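Here's the letter readout for the chains.
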Amino acid sequence: MLVEIYCEKFLQKNIVFNEGLNVVLGGSKANNSIGKSTLLQIIDYCFGGDTYCGKNDNDIRKNVGDHTIYFTFKFDNILYRFARNTSNSNFVMECDENGDVVGNLKLSEFNMFLNLKYFPNNKNSNLTFRFIVGRFMRVAGKENIHEDKPLKGHNNDNDNNGINALEELFGFYNQLKEIKDNLSNLEGEKKARNQAKKYNVIPNKIRNKKDYQSAIEERKTLIEEKEQIFKEGNVKHFEGDAAFSKEAIELKIQLESLLKNQSRLNYRKRKLNKSISISNPISEDDMNSLAAFFPDINIKKLEDINEFHKEIMSIVINEMETEKKMIDEELARLEKEIKPIEDKLKNLDIPNYISPDVMRAASKKEIEIINSGKTIESYEKDIMIREEIKEVKNKLAQKESAVIEIINSSLNKEMDKISSEVNITRRYSPKITLSNKGKYVFETPNDTGTGSKYKNIIIFDLSVLKLSSLPVLIHDSIVFKNIGDDPVKNIFKQYLIGDKQIFIAIDKIEDYHSKEIVSLLKSKTVVELDDKKELFGISWGNVK
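So, how was this worked out
- Residues numbered from 1 in each chain as written.
- Predicted model: local features only at pLDDT ≥ 70, side-chain atom pairs only at ≥ 80, totals over all residues.
- Heavy atoms only, no water.
- Helix = DSSP H or I, 4+ residues; strand = E, 2+ residues; numbered from the N terminus.
- Buried < 20%, exposed > 50% of the residue type's maximum accessible area, 1.4 Å probe, protein only.
- Contact = heavy atoms within 4.5 Å.
- Pairing = 2+ DSSP bridges.
- Axes fitted to C-alpha atoms, helices over the stretch in contact; angles between N-to-C directions.
- Polar contact = N/O pair within 3.5 Å; in protein donor to acceptor, adjacent residues only side chain to side chain.
- Phe/Tyr/Trp six-rings, centres within 6.5 Å; stacked < 30°, edge-to-face > 60°.
- Lys NZ or Arg CZ within 6 Å of the ring centre and 35° of its normal.

1. Here's the deal with the side chain of K180
Thinking step 1. Along the chain, K180 turns up in helix α6 (residues 173-198).
Thinking step 2. When its relative accessible area of 18% is taken as the criterion, K180 is described as buried.
Thinking step 3. Leave out the neighbours within four places in its chain, and K180 touches N164, E167, Y173, L396 and E400.

2. Observations concerning the sheet that holds strand β11 (residues 472-475)
Strand pairing within a sheet occurs via backbone hydrogen bonds; the two strands may be parallel or antiparallel.
Thinking step 1. In space, the 5 strands of this open sheet follow the order β8-β11-β12-β3-β13, with parallel pairing throughout. Bordering the open sheet on either side are β8 (137-138) and β13 (525-528), each of which pairs with just one other strand.
Thinking step 2. Direction of pairing for strand β3 (residues 21-25) relative to β13: parallel, over a ladder of 3 bridges. Paired with V24 across the strands is V527, a residue of β13.

3. Here we look at the sheet that holds strand β2 (residues 14-16)
Thinking step 1. With antiparallel pairing, 6 strands are arranged side by side in an open sheet as β2-β1-β4-β5-β6-β7. Of all strands in the sheet, those with a lone pairing partner are β2 and β7 (101-106), marking the two edges. When the angles between neighbouring strand axes are averaged without regard to direction, this sheet yields 25 degrees.
Thinking step 2. Relative to β7, strand β6 (residues 91-95) runs antiparallel, the two being bridged by 5 bridges. Across the sheet, E94 pairs through a bridge with G103, a residue of β7.
Thinking step 3. Contacting β1 (2-6), β4 (68-75), β5 (78-85), β6 and β7, helix α3 (residues 107-118) runs over the sheet at an angle of about 95 degrees to β7.

4. With respect to the side chain of H475
Thinking step 1. Among the structural elements, H475 can be located in strand β11.
Thinking step 2. Of the polar contacts made by the side chain of H475, one reaches the side chain of D461; its length is 2.8 Å.
Thinking step 3. Setting aside its immediate chain neighbours within four residues, H475 contacts L40, R138, I458, D461, F480, Y495, F503, I504 and A505.

5. Here's the deal with unusual backbone geometry
Across the chain, the bulk of peptide bonds are trans and the bulk of non-glycine residues have phi less than zero.
Thinking step 1. A positive phi angle, close to 60 degrees, is found at N200, a residue other than glycine.
Thinking step 2. Tracing the backbone through its elements, the reader meets N200 in the loop between α6 and α7 (209-232).

6. Thoughts on the packing of aromatic side chains
Thinking step 1. Tallied over the full model, the rule gives 28 aromatic pairs.
Thinking step 2. Measuring from ring centre to ring centre gives 6.1 Å for F119 and F129, while their planes differ by 45 degrees; the resulting arrangement is tilted. Here F129 lies in helix α4 (residues 129-133) and F119 lies in the loop between α3 and α4, a separation of 10 residues in the sequence. Taken as a pair, F119 and F129 share a single burial class, namely buried.
Thinking step 3. Between the NZ or CZ atom of K149 and the centre of the ring of Y440, over which it lies, the distance is 4.4 Å.

7. Regarding the pairing of β1
Thinking step 1. As paired strands, β1 and β4 are joined by 4 bridges and run antiparallel to one another. When the sheet's bridge partners are listed, I5 is paired in β4 with F71.
Thinking step 2. With 3 bridges connecting them, β1 and β2 associate as antiparallel partners. Bridging from a neighbouring strand, Y6 pairs with N14 of β2.

By themselves, these observations are geometric and do not establish any function.
So, in structure tokens, the structure goes:
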């Protein structure tokens with residue numbers, strides 16, 4: 001749970017939170033720009049959000065300046081202290097008990113920490129903490145207060161993301177993830193194969209069953225033509241067609257390649273040996289002969305050149321010796337590969353000589369057979385992938401239908417229960433209908449008023465909080481504005497059920513004319529703000 005927030009810029013420097021309900025209380029005049037929504041944004045900021053002091057929010061940084069928010073979480077009675085500075089919100093600092101920085105986390109790493117602490121059983125999930133929880137932190141400026149789409153995390157969010165978040169919160173996402181991942185991989189493979197066929201990377205000649213049957217017949221004809229080559233070839237030196245089998249042809253091709261490499265390396269070795277043998281420097285006798293023949297020659301300079309030549313040749317000879325050693329190692333390796341192939345050919349009773357014409361014809365025909373087989377296999381692979389996609393989709397639809405039915409039923413029952421406790425008179429309760437097509441509908445039959453819609457968002461959130469692993473809820477004062485006094489008072493009572501943290505901002509509580517409600521809200525208040533006690537001690541909305 002979030003234990004406290006500290007900021008040197010706050011008028012009330014330290015704000016301490018409790019389990020259950022935490023109230024940010026405004027004044028009786030419902031003053032604006034005193035910091036209620038800002039504090040809720042800061043709480044969201046402590047939970048890894050990015051709305052506070054974001055790219056579209058310059059007022060705070062302009063009027064307050066960059067500042068550091070220190071905050072503490074407690075899990076299993078262990079305190080974890082952090083800080084975020086508005087000048088670099090992409091990082092979260094780890095702090096000690098004195099507030100000194102002892103480490104630095106990327107924001108994504110911090111969110112992984114929250115995910116691990118709040119959802120310890122979801123280690124294999126690929127959904128982030130913010131993806132799951134952020135959509136239930138309803139603060140002005142976050143673009144997630146949509147009366148008809150309560151699962152919308154932001155304006156551009158889609159229904160499917162909200163459904164995935166619900167499935168995670170209700171413990172079903174991982175059960176479906178394996179099937180969804182399998183479907184995604186199959187569809188990805190299908191798309192990749194279509195692209196490869198477009199650029200002729202894989203065969204694309206067979207387009208339907210008729211083409212497929214023709215390809216089968218064509219391959220059969222090719223095999224018969226190869227057999228005819230066997231009969232017409234020079235077969236008196238051997239029995240059977242082993243020499244023209246795919247295995248024999250491949251072995252001969254391998255052997256030919258290895259022997260070519262062996263010959264090339266032996267040639268290189270001979271060249272190296274020759275180079276080494278003729279790389280001798282000028283001898284002393286040769287030097288004396290030169291001096292006798294050319295009396296004016298600079299012997300000292302010639303000796304220096306000869307010495308330099310010796311050093312260079314020493315380096316070159318060492319390199320050539322190293323290359324020779326590598327060649328010897330490679331020749332030894334080749335010999336190990338050549339011997340088994342020669343033995344295999346011998347075991348196949350392949351003759352020492354096969355007509356080159358016969359071998360070429362047989363090889364060419366074998367290549368045609370192989371290519372024909374690849375074309376057939378490619379089409380069969382496409383059919384198999386399509387059938388697997390269909391099968392996985394059916395499996396996912398069945399599984400997801402069962403999951404969605406459970407979530408629909410449990411949420412609608414709970415919303416009906418809470419609705420009956422919130423409304424003074426019996427009214428239609430909100431209803432959510434999730435589908436396995438990645439869409440959902442949220443509505444209240446015969447009740448489309450603005451106040452009812454906001455009230456039903458709260459009822460929905462409370463139902464999810466109670467039934468699922470959702471750990472925290474934030475409701476800004478804007479969601480209460482259009483709701484009648486009596487339903488709001490009963491909503492406040494609903495907030496008291498359970499010990500999961502709920503943060504709300506509210507003002508003008510005296511207007512509810514209920515000592516019980518006023519006492520309740522004040523007992524849960526963590527900070528009071530008004531036109532003389534703003535969050536930062538100033539209200540920059542006022543004209544100076």
